[in-house]
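Coordinate analysis (summary)
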Amino acid sequence: MDGRAGFDASNNKRNLYTVVVVTLGLLCILQAVLNISLRLAFDGDESKRKLNTIDDYTHQGWLYFNQSVYYISSVENSWQDSRDDCLQRGADLIIVNSKEEHEFTRLFRQSSWIGLTDTETEGTWKWVDGTLLRQSFWFAGEPNSYQGKNEDCGHTKFFAHENSWNDVECAKNNFWICEKTMAS
Ligand code: 2F8
Ligand code: CA
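Small disclaimer: the values here were computed from a predicted structure and weren't measured. (Residues numbered from 1 in each chain as written. Chains lettered and ligands numbered in written order. Predicted model: local features only at pLDDT ≥ 70, side-chain atom pairs only at ≥ 80, totals over all residues. Heavy atoms only, no water.)

The next subject is the state of the cysteines. In a disulfide, the sulfur atoms of two cysteines are covalently bonded to one another. Tallying each qualifying case throughout the model produces 2 disulfides. Disulfide partner of Cys86: Cys178, at an S-S distance of 2.1 Å. Note on the Cys86 and Cys178 pair: the S-S dihedral is about -85°, so by sign convention the disulfide is left-handed. Here the residue Cys86 occupies a position in helix 2 (residues 79-88), and Cys178 occupies one in strand 8 (residues 175-181), the gap between them amounting to 92 residues. With a relative accessible area of 0%, Cys86 lands in the buried category. Cysteines bonded in the protein chain are numbered consecutively along the chain; their disulfide partners then correspond to 1-4, 2-3. (Disulfide = S-S within 2.5 Å. Helix = DSSP H or I, 4+ residues; strand = E, 2+ residues; numbered from the N terminus. Buried < 20%, exposed > 50% of the residue type's maximum accessible area, 1.4 Å probe, protein only.)

Below, the structure is given as structure tokens:
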């Protein structure tokens, strides 16, 4: 192979290499654009679905607050029957996981069941989704299983006070609050 032919061959190799690198680069960019477009389309659909759900529930009288919708009962029932009612409505008893949400429950000025119970293990309070109680808003001296009673369910009783929860017998009648969260 003379000098000229050798030069051409190595030039061709470099050109081919450049084409391959540029093509791969373009494919990567195309892939990234596709991924972003799909993510945006999915997020858009998800947002529309959530807005429709919020719209449906609020049209049935539910209240929207901070990424959840809430049903405030106008009759009283036992804790379990109240929970069953929430489940039938596609929700569950409220899980209070912030001070703001707790303040929201106090606005209704009625003793209401929340999704809190220690039925499984006395003294271990759990929410209806199985998580352990962390931030609590018990009224002073509560929970107390008052006078040795089996007070295994939580409700907002002393709502005039900042900390308003009480434990009481689950068979007692109370209003209740259902929550359906829209947060993913
Ligand atoms: O109905 C049971 C309930 O009775 C009292 O509240 C009115 C007790 N609280 C005090 O005595 C301070 C609750 O602990 C008890 O659950
Ligand atoms: Ca009590």
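Our next topic: the coordination of the calcium ion (ligand 2). Those protein atoms acting as donors to the calcium ion (ligand 2) are Glu142 (OE), Asn144 (OD1), Glu151 (OE), Asn166 (OD1), Asp167 (O) and Asp167 (OD), and they sit at 2.2 to 2.5 Å. In this structure Glu142 comes out as buried when scored by relative accessible area, which is 15%. (Donors = N, O, S within 2.8 Å, 3.2 Å for Na, K, Ca; no water.)

For the rest of this paragraph, the subject is the pattern of salt bridges. When the charged atoms of two side chains lie near each other, side chains of opposite charge can form a pair. With the rule as written, the count across this model stands at 8 salt bridges. Here Arg83 makes a salt bridge to Asp92, at a shortest N to O gap of 2.8 Å. Both residues of the pair, Arg83 and Asp92, count as buried. For Glu120, the salt bridge identified is with Lys126, shortest N-O distance 2.8 Å. Residue classification places Glu120 among the exposed positions, given a relative accessible area of 67%. Residue Lys126 is classed as partly exposed on the basis of its relative accessible area of 23%. Put simply, Lys99, Glu103, Arg106 and Glu162 are held in one network by salt bridges that share partners. (Salt bridge = Lys/Arg side-chain N within 4 Å of Asp/Glu carboxyl O.)

With that out of the way, let us pick up the UniProt feature "domain: C-type lectin" (unreviewed entry) in the protein chain. Look at the UniProt record and you will see "domain: C-type lectin" (unreviewed entry) annotated at residues 65-179. For residues 65-179, the helix share is 16%, the strand share is 25%, and the end-to-end C-alpha distance is 10 Å. (UniProt positions renumbered as here; feature names shortened; annotations may be inferred.)

Looking now at the site of ligand 1. As a structural note, the neighbourhood of ligand 1 is formed by Glu142, Asn144, Tyr146, Glu151, Lys157, Phe158, Asn166, Asp167 and Lys172. Separating an oxygen atom of ligand 1 from a side-chain N or O atom of Asn144 is a distance of 2.9 Å. In this structure, an oxygen atom belonging to ligand 1 sits 2.6 Å away from a side-chain N or O atom of Glu151. (Near = heavy atom within 4 Å. Polar contact = N/O pair within 3.5 Å; in protein donor to acceptor, adjacent residues only side chain to side chain.)

Okay, unusual backbone geometry next. With an omega of -5°, the peptide bond running from Glu142 to Pro143 counts as cis. The backbone phi angle of Asn66 is positive, close to 45°, even though this residue is not glycine. As for its placement among the helices and strands, Asn66 is situated in the loop between strand 1 (63-65) and strand 2 (68-72).

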